[in-house]
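# Inside the fold
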Amino acid sequence: MNHEMSLAQVQRSMLLRSIYLLVTPIMLAFAALACGTLVTDTASYTCPTAVPQATATTLAGTPQPTLPPPPTPYTITVPQDFYVGDAVFVGQPGAALRLRFRLQNIQTQPAPPLGGSPRNLVTWRLEIRNLGSVTYETIPVALMVITRINTASGEQTGTWRTSEAAMSAAGFTSENYDPLPPGSTRLYRLAAYVPSGTVRQFAYLLDGDGGNRITWVNATNPYCSGDVAG
């Protein structure tokens, strides 16, 4: 009897360990989100240069048509998409929590098929500068995702996250996810696998996917000239 009870205990212990190993990655993901700073302020970007005025060609002697003036200053705010290279600010000037985000260096390359399905490896950089007076904690590999891609069959909407396999394939190791102190800037390298195609939209979850997010379209800003870094 004692032997049977001991065997049952061992089996139960092995079962609990299997369950623990299964759910641990999920628990760690939630822990990563919980450790980040939840941000409720919304993002905005203001073009640092004048938006060119539209022009019209007219015949000599005819009155010049009146054109509507461009917005001054030209500003992008949520829920609009920002553009690659835009200096996206979160928090008001002088606020304790004020951040600047900049999406950079998006690259796509073919990757080995998965289960016979073609796919690509997408890599990019996210620069974050802490302009406030309090420390900002973030783990971008858990907070930044790809949400739209363009494929040969049309646009697809979904959620493609960074993964350990993609980071390893891109050669991104020993990344620094320490808290970001005031006045500091850090460049985060990220990578994800997507179906064969090109990325259309990225999203960064400011509050851990509570709804406050920054989205970027994979294109340069068509409205601004000059130093769009801000």
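Everything here concerns the structure above.
## Digging into the side chain of Asn120
With respect to the element layout, Asn120 can be found in strand β6 (residues 117–130). Among the polar contacts listed, one links the side chain of Asn120 to the backbone oxygen of Gly197, at a separation of 2.8 Å.

## A word on the packing of aromatic side chains
Applying the stated criterion across every chain, the model contains five aromatic pairs. For the pair Tyr83 and Tyr223, a centre-to-centre distance of 6.4 Å together with 70° between the ring planes defines the contact as edge-to-face. Of this pair, Tyr83 sits in strand β3 (residues 82–84) while Tyr223 sits in the segment after β11 (213–220); the two residues are 140 residues apart in sequence, bridging distant segments of the chain. With a centroid separation of 5.0 Å and 50° between ring planes, the pair formed by Phe101 and Tyr204 is classed as tilted. Residue Phe101 is located in strand β5 (residues 99–114), and its partner Tyr204 is located in strand β10 (residues 198–205); the two are separated by 103 residues in the primary sequence. Assessed through its relative accessible area of 0%, Tyr204 is described here as buried. Chaining the aromatic ring pairs together yields one cluster made of Tyr74, Tyr83 and Tyr223. Over the aromatic face of Tyr193 sits the side chain of Arg119, whose NZ or CZ is 3.9 Å from the ring centroid.

## Side note on the nonpolar core
Most often, soluble globular proteins have nonpolar side chains that are buried together. Judged by nonpolar contacts, the single largest core of 38 residues is most densely connected at Phe101, Ile146, Tyr204, Ile214 and Trp216. Ignoring anything within four residues of it in the chain, the contact list for Trp216 reads Asp81, Phe82, Tyr83, Val88, Phe101, Leu103, Leu126, Met144, Arg200, Gln201, Phe202 and Tyr204. Leu121, Phe172, Ala191 and Tyr193 belong to the second-largest nonpolar core, a separate cluster that totals seven residues.

## What to know about the pattern of salt bridges
Scanning the entire structure with this criterion turns up six salt bridges. Ionic pairing is found between Arg100 and Glu127, a salt bridge with its closest N-O pair at 2.8 Å. One end of the pair, Arg100, is in strand β5; the other, Glu127, is in strand β6, and 27 residues separate them in sequence. Each member of the pair, Arg100 as well as Glu127, carries the same accessibility label: buried. Across the pair Glu155 and Arg148 runs a salt bridge, and its minimum N-O distance is 3.3 Å. If you follow the salt bridges from partner to partner, you end up with Asp81, Arg148 and Glu155 in one network.

## Observations concerning the sheet that holds β3
Read across the open sheet, the five strands follow the order β3-β11-β10-β7-β8; overall the sheet is mixed. The open sheet has two edge strands with one neighbour each: β3 and β8 (154–161). If you compare each strand with its neighbour and ignore which way they point, the axes differ by 30° on average.

Cut-offs applied
Residues numbered from 1 in each chain as written. Predicted model: local features only at pLDDT ≥ 70, side-chain atom pairs only at ≥ 80, totals over all residues. Heavy atoms only, no water. Helix = DSSP H or I, 4+ residues; strand = E, 2+ residues; numbered from the N terminus. Polar contact = N/O pair within 3.5 Å; in protein donor to acceptor, adjacent residues only side chain to side chain. Phe/Tyr/Trp six-rings, centres within 6.5 Å; stacked < 30°, edge-to-face > 60°. Buried < 20%, exposed > 50% of the residue type's maximum accessible area, 1.4 Å probe, protein only. Lys NZ or Arg CZ within 6 Å of the ring centre and 35° of its normal. Core = buried A, V, L, I, M, F, W, Y, C linked by side-chain atoms within 4.5 Å. Contact = heavy atoms within 4.5 Å. Salt bridge = Lys/Arg side-chain N within 4 Å of Asp/Glu carboxyl O. Pairing = 2+ DSSP bridges. Axes fitted to C-alpha atoms, helices over the stretch in contact; angles between N-to-C directions.

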